[in-house]
Amino acid sequence: MFRLIPIIFVLGTILNIPNDKSEQPIQNEEQAIIIETNGEPSEHKEYIETYYPAIEVVHVYEQIFNGLALKGRPDKLQAIGELDFVHSIHPVKTYQLSPDVKENPVFTNEDNMKNHTSYTGKGIKVAVIDTGVDYEHPDLQTNYKGGYDLVDLDSDPMETKVSEGMPTSHGTHVAGIIGANGYIKGVAPEVELYAYRALGPGGVGTSIQVIAAIEHAVKDDVDIINLSLGNTVNGPDYPTSQAVNKAVELGKLVVIANGNSGPQQWTVGAPATASKAIAVGAYQPATQISYLYHWKEETTIPLHLLLSSVPWDLTKAYPVVYTTLQEKTSLHGKIALIPRGERPFYELAREAEQNGAVAVLFYNNESGQFRGSLQGEKRINIPVAALSQQMGHWLKENIATEYTWLETKYQSYAEQMTSFSSRGPVTVSWGIKPNIVAPGKDIISTVPGGYAAFDGTSMAAPYIAGLLALMKQAHPNWTNEQIQHALLSNARPLTSHHKQFLKPSLQGTGLAQIEQAINAKTIIHNPYLTFGKTDSPTFRKQQTITIENMTNQPQTYSFNIPEKERGIRWQLPRTFTLQGREKKHVTLELDIQSMLAAEGIHEGFLQLHEGEEIYHLPYTFIHKTADYPKTSGFEFTLKPFDPETFVYRLYVTAEEIEQIDITLYEADSLLYKQHLLTINPVKQGIHEGQINRRQIQEPGLYRALITLRLADGTYENSETEVYITP
């Protein structure tokens, strides 16, 4: 077992979430908490039930961690903290939201979740640990099978609604990518979906809720666990990363969003740093964007196609005419500009098509952009797009003063990694993350009340979870290790516009290739070659991989000799043959001459050939030094049920730190406020402690300057934002 640290987790999705300052914990009602215990949780359950009958023991945790979930009034729960067997308390807060925030689902157009195989994921159980799931959504109703709410500690993992706090939709979007089966189809449209609500109002939760959700999923015997969430702590041994590794050891495939803190290196955070899980980066396919151009005004008009619209592929300029379709207007050979109203988009677009329109533009009736859906019995054969209210009014005014023609233009984009996708490597272990990449840009899926397009590694991860479900259905006799490494070793590395491979710290083994993975002829077990960090004069290290021939025929393999690099030499095996279904352990050796090799991160790919197939093995090592973050994840929060005590936590990744000082500055003026704390001595890992409120001069929002004194006498600084609760 391991200690739990209640750091805040956030969603791995790029969303605009309102920041409502009026949220306040409700203290006069029953609260839910999770406690971490020393010793046997079942014994402590009996003790609490006997001596604290006003407190309900909701759940016992003993597989992933030792703990209890409790419910009770705050004044009753406060006494729990004094018990000898209680290691730490993690409150699960309930929030109320001001009434001016409302749900406003966005609609979108294209489907990025195409499955070209004959498999559907039928019979495979997939857990979504997230903000909950709208299991009443018509596209999710059939596949939803159950779950648990770790925020309210009940069996109803519904998304947060407006009446309960800042509403959420993230988990529903993730679930739809995996297994929607209705108006849109997920990657695996016949999986069994299980939802575990670990993130509450606004999509925020703690590590303890995430770890408890993992345990619930394990006990429910799911096959695959998806975690589209994370924090900023780049370290391999963070508690949530350890929990993920434990779940893998217990027979689960675990998929995690790599994070949205790119494009800098070292931005991956826990639990994506877990060595045994599949961390997923976000990729953007090659695409062509169409837009309208008003040549006289030199104005471009962006287009957002409605869901189920045919592509916007007009090849010449057309006149635009404003209409509500309530008056007689000739639409033949014209683009119809229609205001958004009460009638369904499908009805209006259908009528415009029947009246001869070549395309339809709907503009919003309120500020901002919108997207819609063309749900109807018959296909509409003209393109239909959405405009903002501002652009719609501008066009309407132009039409009123002169005959307006619009030309369609196109902009092409090559496939690429998204700029927001977090990069590796992992500190301390120097492991390669992400492991693989999948589509994560403009991904359409389900949300409460409709459909929406989100960006983020949160969208890429469930794509991989869905692919794993297809593979488990296709190969029920394969082990989890075979399934995972067949997917990873058969990915396609992405290249730059100069046709050079992108670094493994951006893409892992590359873009997932589901058909190649299902029909894998070769599996390379643990294809990631991590040689660590060295500053010795000479360095020699070996890595052993396992190559498995999945066919019934002999297969002959050979390594490409890498390009020569000063001070670096590879010792690779010569050509070798594996008989049908044979496995072979292969040793690869790296030799470094310190005086000759360049300092910093070295990464790239080794190539293994088998016939016409080429398998790419990513490698990385650090020579002498690299500009990696030496600390991360600083937290400063109130101790549960103790308004006079603050708890701080800081994760340290480097060994060469002698002392850490943290100083507060005014957030706006950057004027010095006070010295907050000193850590000495310093060890690698988590540092935590307590500070009495009397030591804090004034609550508020501050910039915290973290100053590191290194063993060589030099100093390094970093900054973070800290809010001290009144």
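Our structure's up above, just so we're on the same page.
Read on for a plain summary of the structure.

1. Focus: helix α1 (residues 41-51)
Here is step 1 of the chain: Among all positions of α1, only P41, H44 and I48 are buried. On an axial view of α1, the arc spanned by its buried residues comes to 60°, and they lie on one face. Projecting away from the buried face of α1 at angles above 90 degrees are the exposed residues E43, E46 and T50.
Here is step 2 of the chain: Tucked into the core, α1 has its buried residues touching β2 (31-37), β3 (56-61) and β4 (67-72).

2. Some points on a nonpolar patch on the surface
Here is step 1 of the chain: Judged by side-chain polarity, W295, Y403 and W405 come together as a nonpolar surface patch covering roughly 420 Å² of accessible area.
Here is step 2 of the chain: If you trace the backbone, W295 turns up in the loop between β14 (287-294) and β15 (299-302).

3. Topic: the side chain of T267
Here is step 1 of the chain: Mapped onto the elements of the fold, T267 is located in the loop between β12 (253-257) and β13 (278-284).
Here is step 2 of the chain: T267 sits in the buried class, given a relative accessible area of 19%.
Here is step 3 of the chain: Looking at T267, its side chain comes within polar contact range of the main-chain nitrogen of R423, at 2.9 Å.
Here is step 4 of the chain: In this view, T267 contacts N234, S261, G262, S422 and R423; residues no more than four positions away in its chain are not counted.

4. Observations regarding the pairing of strand β25 (residues 450-454)
Here is step 1 of the chain: For β25, the buried fraction is high: four of the five residues fall into the buried class.
Here is step 2 of the chain: In this structure, the hairpin formed by strand β24 (residues 443-447) and β25 is closed by a connection of two residues, where G449 is found at a positive phi of approximately 90°.

5. Concerning the packing of helix α4 (residues 207-219) against helix α5 (residues 239-249)
Here is step 1 of the chain: Contact geometry for α4 and α5: axes closest at 10 Å, N-to-C directions at 5°. Classified by the angle their axes make, α4 and α5 are roughly parallel. Here S207, I211, I214 and V218 of α4 lie close against α5, whose contacting residues are P239, T240, A243, V244 and A247.
Here is step 2 of the chain: For the contact of α4 with α5, the class distribution of residues is seven nonpolar, two polar and no charged.

6. A look at the sheet that holds strand β26 (residues 522-525)
Here is step 1 of the chain: The sheet built from four strands is open, its strands ordered β26-β28-β32-β30 with antiparallel pairing. Of all strands in the sheet, those bounded by a partner on one side alone are β26 and β30 (568-571). Taking the axes of each pair of neighbouring strands and ignoring which way they run, one obtains an average angle of 25° across the sheet.
Here is step 2 of the chain: Pairing of strand β28 (residues 538-549) with strand β32 (residues 583-593), which is carried by eleven bridges, proceeds in the antiparallel orientation. By the bridge assignment for β32, T544 is matched with T587.
Here is step 3 of the chain: In the packing of helix α9 (residues 480-489) onto the sheet, the strands contacted are β26 and β28, and the crossing angle to β26 comes to about 100°.

7. Points about a negative patch on the surface
Here is step 1 of the chain: A contiguous patch of negative charge on the surface is contributed by E40, E43, E46 and E62.
Here is step 2 of the chain: Inspection of the secondary structure assignment puts E43 in helix α1.

8. Some thoughts on the environment of L650
Here is step 1 of the chain: Within the element layout of this structure, L650 appears in strand β36 (residues 642-652).
Here is step 2 of the chain: Residue class for L650 comes out buried when judged on its relative accessible area of 1%.
Here is step 3 of the chain: Apart from the residues lying within four places of it in its own chain, the contact partners of L650 are T631, S632, G633, F634, I660, I679, G685, I686, H687 and I706.

9. Some details on the packing of helix α3 (residues 170-179) against helix α8 (residues 457-474)
Here is step 1 of the chain: At a minimum axis separation of 8 Å, α3 and α8 run at an interaxial angle of 35°. The two elements α3 and α8 meet at a crossing, and its hand is right-handed. Touching H170, H173, V174, I177 and I178 of α3 are S458, M459, P462, Y463, A465 and G466, all from α8.
Here is step 2 of the chain: Of the residues that constitute the contact of α3 with α8, the class distribution is seven nonpolar, four polar and no charged.

10. Digging into the pattern of salt bridges
Here is step 1 of the chain: In this structure the tally under the stated criterion is 24 salt bridges.
Here is step 2 of the chain: Across the pair K673 and E666 runs a salt bridge, and its minimum N-O distance is 3.8 Å.
Here is step 3 of the chain: Residue class for K673 comes out buried when judged on its relative accessible area of 16%.
Here is step 4 of the chain: With a relative accessible area of 27%, E666 lands in the partly exposed category.
Here is step 5 of the chain: Linked by salt bridges that have partners in common, R540, R569, E589 and D591 make up one network.

11. Details of the packing of aromatic side chains
Here is step 1 of the chain: According to the stated counting rule, one finds 18 aromatic pairs in the structure shown.
Here is step 2 of the chain: Plain terms: the ring middles of Y135 and Y144 are 4.9 Å apart, the flat faces sit at 20° to each other, and that makes the pair stacked.
Here is step 3 of the chain: For the pair F531 and W570, a centre-to-centre distance of 5.5 Å together with 70° between the ring planes defines the contact as edge-to-face. Placement of the pair is F531 in strand β27 (residues 529-534) and W570 in strand β30, with a sequence separation of 39 residues.
Here is step 4 of the chain: Note on F531: relative accessible area 1%, which makes it buried.
Here is step 5 of the chain: Three or more aromatic residues link up through ring pairs in this structure, and these residues are Y47, Y51 and F85.
Here is step 6 of the chain: Directly above the aromatic system of Y628 lies the positively charged group of K630, at a separation of 4.9 Å from the ring centroid.

The rules behind these values
Residues numbered from 1 in each chain as written. Predicted model: local features only at pLDDT ≥ 70, side-chain atom pairs only at ≥ 80, totals over all residues. Heavy atoms only, no water. Buried < 20%, exposed > 50% of the residue type's maximum accessible area, 1.4 Å probe, protein only. Helix = DSSP H or I, 4+ residues; strand = E, 2+ residues; numbered from the N terminus. Arc of directions from axis to C-beta. Contact = heavy atoms within 4.5 Å. Patch = residues over 30% accessible without salt bridge, like charges linked within 9 Å, V, L, I, M, F, W, Y side chains within 5 Å. Areas by Shrake-Rupley, 256 points an atom, 1.4 Å probe, with all protein chains shown as cover. Salt bridge = Lys/Arg side-chain N within 4 Å of Asp/Glu carboxyl O. Polar contact = N/O pair within 3.5 Å; in protein donor to acceptor, adjacent residues only side chain to side chain. Pairing = 2+ DSSP bridges. Axes fitted to C-alpha atoms, helices over the stretch in contact; angles between N-to-C directions. Parallel < 35°, antiparallel > 145°, perpendicular 65-115°, else oblique. Nonpolar A, V, L, I, M, F, W, Y, C, P; charged D, E, K, R; others polar. Lys, Arg positive; Asp, Glu negative; His and termini not counted. Charge placed at Lys NZ, Arg CZ, Asp CG, Glu CD. Left-handed = near helix turned anticlockwise from the far one by under 90°. Phe/Tyr/Trp six-rings, centres within 6.5 Å; stacked < 30°, edge-to-face > 60°. Lys NZ or Arg CZ within 6 Å of the ring centre and 35° of its normal.

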